[in-house]
Amino acid sequence: MRQPDGARIHDLLTQGRKPGEIIPLATLTHELGGGADWPTVGDWERVTTDLLQLVRSGDCDALSLGLPEIARALVCTGPHSHVRAYDAAADDFIAYGPTERAAVLAEVDAFLAGLVAEQDLWPGDGLLAPLTRPA
């Protein structure tokens, strides 16, 4: 990932969080004023393009989680968002929100914990040191 964007994002994803905590890019975007503050961190489009390139070229470990549509939609929205789905059998809409999103992330966390118990995920080569914070 291009620098200094990658180092800034790493800093945002790790500072004040629990080790191993899953932070979807949608959560980071939410924390960045719904995306309005992305320019202070980096170029969102370039960052996501670089991330996809890293994954597609095999330059780091990545997983396809195969999440169902609702779970995928919840992970791709902010932490306080709601997703509505039409239930044809009941002829009604079902609302999914932060509680269901947290449950999806907990399932992903459990799945990843099982994987890394067997072998750590490879973050790639040539990693830079994290940003240093003034004392």
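What comes next is a walk through the structure.

Quick notes on the rules
- Residues numbered from 1 in each chain as written.
- Predicted model: local features only at pLDDT ≥ 70, side-chain atom pairs only at ≥ 80, totals over all residues.
- Heavy atoms only, no water.
- Helix = DSSP H or I, 4+ residues; strand = E, 2+ residues; numbered from the N terminus.
- Buried < 20%, exposed > 50% of the residue type's maximum accessible area, 1.4 Å probe, protein only.
- Contact = heavy atoms within 4.5 Å.
- Lys, Arg positive; Asp, Glu negative; His and termini not counted.
- Charge placed at Lys NZ, Arg CZ, Asp CG, Glu CD.
- Expected span 1.5 Å × (residues − 1).
- Arc of directions from axis to C-beta.
- Core = buried A, V, L, I, M, F, W, Y, C linked by side-chain atoms within 4.5 Å.
- Salt bridge = Lys/Arg side-chain N within 4 Å of Asp/Glu carboxyl O.

Our next topic: the overall build of the protein chain. Counting secondary structure elements, the protein chain contains six helices and two strands. Secondary structure elements of the protein chain occur, N-terminal to C-terminal, as α-α-α-α-α-β-β-α. Expressed along its principal axes, the backbone C-alpha trace of the protein chain runs to roughly 55 × 40 × 30 Å. The 135 residues of the protein chain split such that 24% are buried. By sequence separation, contacts in the protein chain at least 24 residues apart represent 58% of the contacts at least 6 residues apart. Averaging the coordinates of the 10 positive side-chain charges in the protein chain and doing the same for the 20 negative ones gives two points 6 Å apart.

The next point concerns helix 4 (residues 44-56). Owing to its 3.6 residues per turn, the α-helix brings residues three or four apart onto one side. The end-to-end C-alpha distance of helix 4, which contains 13 residues, comes to 18 Å, matching closely the 18 Å that a straight helix rising 1.5 Å per residue would cover. By the burial criterion, the buried members of helix 4 are V47, T48 and D50. Looking straight down helix 4, one finds that the buried residues subtend no more than 160° of arc, so they occupy a single side. Of the exposed residues in helix 4, the ones pointing more than 90 degrees away from its buried face are E45, Q53 and R56. Elements in contact with the buried residues of helix 4: helix 1 (5-14), helix 2 (25-31) and helix 3 (38-41).

In terms of nonpolar packing, the biggest core is built from eight residues, these being A71, L74, V75, V83, V104, L105, V108 and L112. Listing elements by their share of this core, those giving two or more residues are helix 5 (69-75) and helix 6 (98-118). The dominant element in this core, judged by the number of residues it contributes, is helix 6, at four residues. Leave out the neighbours within four places in its chain, and V104 touches L67, A71, L74 and V75.

Inspection of the entire model under this criterion finds four salt bridges. Between D50 and R2 there is a salt bridge, and its shortest N-O distance comes to 3.3 Å. With a gap of 48 residues between them, D50 in helix 4 and R2 in the segment before helix 1 connect regions that are remote in the sequence. As a salt-bridge pair, R8 and D5 come within 3.6 Å of each other at their nearest N and O atoms. Pair noted here: R8 and D5 are both in helix 1, with a separation of three residues, about one helical turn. The exposure class assigned to D5 is buried, which follows from its relative accessible area of 5%.

Attention shifts here to helix 1. Of the residues making up helix 1, those classed as buried are D5, G6, A7, I9 and D11. Buried residues along helix 1 sit against helix 2, helix 3 and helix 4. G16 sits one or two residues past helix 1 and shows a positive phi near 75°.

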